[in-house]
Amino acid sequence: MTKVSMPIIGWVSEILGWMINVIYSGLELIGITNIGLSIILFTLVVYLLMTPLQIKQQKFSKLNAVMQPEIQKIQKKYQGKKDQDSMMKMQEETQAVYQKYGVSATGSCVQLAIQMPILFALYQVIQNIPAYVGSVYNVFNGVCTKILAIDGFTDIINKFITDNKMTRVRQVTENADSIVDFLYALSPSQWESLQKISQFSGFSDQISKTAGEIQKMQTFGVLNIADQPLSYIKTGSLILIIAALAIPLLSWATQMLNLKLMPQAATQNGNDGNNAMASSMKTMNTVMPLMSAFFCFTFPVGLGIYWIASSVVRSIQQLLINRHLDKMNIDDLVNENMRK
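What counts and what doesn't
- Residues numbered from 1 in each chain as written.
- Predicted model: local features only at pLDDT ≥ 70, side-chain atom pairs only at ≥ 80, totals over all residues.
- Heavy atoms only, no water.
- Helix = DSSP H or I, 4+ residues; strand = E, 2+ residues; numbered from the N terminus.
- Rg over C-alpha atoms; globule rule 2.2 N^0.38 Å.
- Buried < 20%, exposed > 50% of the residue type's maximum accessible area, 1.4 Å probe, protein only.
- Contact = heavy atoms within 4.5 Å.
- Areas by Shrake-Rupley, 256 points an atom, 1.4 Å probe, with all protein chains shown as cover.
- Lys, Arg positive; Asp, Glu negative; His and termini not counted.
- Charge placed at Lys NZ, Arg CZ, Asp CG, Glu CD.
- 1 Å grid on protein atoms, 1.4 Å probe; cavity = no way out; pocket = protein on both sides within 12 Å on 5 of 7 lines; lining within 4 Å.
- Points joined across faces, edges and corners; volume = space filled by probe spheres on them.
- Expected span 1.5 Å × (residues − 1).
- Arc of directions from axis to C-beta.
- Nonpolar A, V, L, I, M, F, W, Y, C, P; charged D, E, K, R; others polar.
- Axes fitted to C-alpha atoms, helices over the stretch in contact; angles between N-to-C directions.
- Parallel < 35°, antiparallel > 145°, perpendicular 65-115°, else oblique.
- Left-handed = near helix turned anticlockwise from the far one by under 90°.
- Polar contact = N/O pair within 3.5 Å; in protein donor to acceptor, adjacent residues only side chain to side chain.

Participant: Explanation requested: the overall build of the protein chain in the structure shown.
Facilitator: For the protein chain, the helix and strand inventory stands at 16 helices and 2 strands. Taking 20 Å as the expected radius of gyration for a compact globule of 340 residues, we find that the protein chain reaches 25 Å, considerably beyond that expectation. Along the first, second and third principal axes, the C-alpha set of the protein chain runs to 80 × 45 × 45 Å. For the protein chain, the residues scored as buried account for 43% of the 340 residues in total. For the protein chain, the share of sequence-separated contacts (at least 6 apart) that also reach a separation of at least 24 residues comes to 72%. A total of about 18700 Å² of accessible surface is found on the protein chain, and carbon and sulfur atoms cover 61% of it. Placing the 27 positive and 22 negative side-chain charges of the protein chain at their respective mean positions leaves the two points 9 Å apart.

Participant: What is the right way to look at the layout of surface pockets in this model?
Facilitator: Which parts of space are left empty comes out when a probe the size of a water molecule is rolled across the atoms. Roughly 550 Å³ of volume is contained in the second largest pocket. Taken together, 25 residues form the lining of the second largest pocket, with Ser187, Gln190, Ala226, Gln228 and Thr298 sitting closest to its centre. Element by element, the count of residues in the lining of the second largest pocket is highest for helix 12 (residues 229-235), at 5 residues.

Participant: Just to check I follow, could you spell out helix 11 (residues 204-218) for this structure?
Facilitator: In an α-helix there are 3.6 residues to a turn, and that puts residues three or four apart on one side. If you check helix 11, its first and last C-alpha atoms are 21 Å apart, about what 15 residues at 1.5 Å a residue would give, namely 21 Å. Turning to helix 11, its buried residues number three or more, namely Ser204, Ile207, Thr210, Ala211, Ile214, Met217 and Gln218. Each buried residue of helix 11 lies within a common arc of 135 degrees when the element is viewed along its axis, so the set occupies one face. Within helix 11, the exposed residues directed more than 90 degrees away from the buried face are Asp205, Lys209 and Lys216.

Participant: Sorry, what's going on with empty space enclosed by the protein here?
Facilitator: Scanning the model with the defined rule gives 1 cavity of 30 Å³ or more in all. For the lining of the largest cavity, the secondary-structure elements that each account for two or more residues are helix 5 (109-127) and helix 15 (301-326). The class makeup of the residues in the lining of the largest cavity is 7 nonpolar, 3 polar and 1 charged.

Participant: Help me out: how do you make sense of the packing of helix 1 (residues 9-29) against helix 2 (residues 35-49) in this one?
Facilitator: A pair of packed helices is captured by two measures, namely the crossing angle of their axes and the spacing between those axes. Where helix 1 contacts helix 2, the axes come no closer than 9 Å and their chain directions differ by 130 degrees. Relative to helix 2, the element helix 1 is oriented oblique. The interaxial crossing formed by helix 1 with helix 2 has right-handed handedness. For the pair helix 1 and helix 2, contact is made by Leu16, Met19, Ile20, Ile23, Tyr24 and Leu27 and by Ile35, Leu37, Ser38, Leu41, Phe42, Val45, Val46 and Leu49, respectively. Grouping the constituent residues of the contact of helix 1 with helix 2 by class yields 13 nonpolar, 1 polar and no charged.

Participant: Please explain the environment of Ser135 as it appears in this structure.
Facilitator: Take Ser135: it is sitting in helix 6 (residues 134-139). Through-space distance from the C-alpha of Ser135 to that of Tyr24 is 8.3 Å; in sequence the pair is 111 residues apart. Within polar-contact distance, the side chain of Ser135 engages the side chain of Glu28 at 2.9 Å.

Participant: Please clarify how the side chain of Asn322 should be interpreted in this entry.
Facilitator: Summarising the element assignment, Asn322 is placed in helix 15. What makes Asn322 buried here is its relative accessible area of 17%. One polar contact links the side chain of Asn322 to the main-chain carbonyl oxygen of Leu261, over a distance of 2.7 Å.

Worth remembering: the numbers are spatial, not functional.
Structure follows, in structure tokens:
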């Protein structure tokens, strides 16, 4: 993993990484070294900064709902006409509708184009905290140095990754960053297994100490953010099972709430294309939250916390945006667009 090197997403990740490092360092100053809490605050800050883009996107959605009957009327007028003149006239009349409401045909594409790299980068930063938060990275320095001094350590660790079916980490190389990626991805039980490797017996005490330090940082409530809810359900106590089940259930519930608050596009009953699209969207809106709940069982708790936090923030954000837009008159919104 390490830092993302992909153009644009990598650059955005650097900025977001700096932000979460500031948040974690700020909490550290007041004696709180908790990665889960840092993820929640980080998610809150990023989504708050994206609020203006959300408002612009949904202003377009509100105008689009008003424009659609006029656009559909034009489309019906030229339905079945494929000659060049008819196609040009349809395009001109459609463009006139957009001009009438003071919006671009590309609509919210610009806002989406800006938001997508941010959301991808946000996910990457949360997946690989040590690459961006110096205090977390430094926890692994001692064990990392010891492992690098062992002959054939790459074969030993890569066999460990295969045997333990670790999907969150790549095969390690002779590089300190890849070892840190591996160590950060370990669950509490896997830390115990690492100590039992004969080649690492000379510094098993240091492994145990590091495991204790990182687990303190990763503990959120009664759960460890590096562990999977499914592992708690299989072996945990009743309290741990309830807490583990709450992660996928809350992920599903908060995403459903967010979808319910999103403005729904109006459709015309007589338009088969629109009805098919509406049906497809309804199916997707039902399936996606269920899929996230399913993934939460086998993904680390930290990822589930991120999904829940982002859905809660988006829901509150959407509620406030809805109230703001409900107070806006369509004519005022058109006049605002025309002035811009």
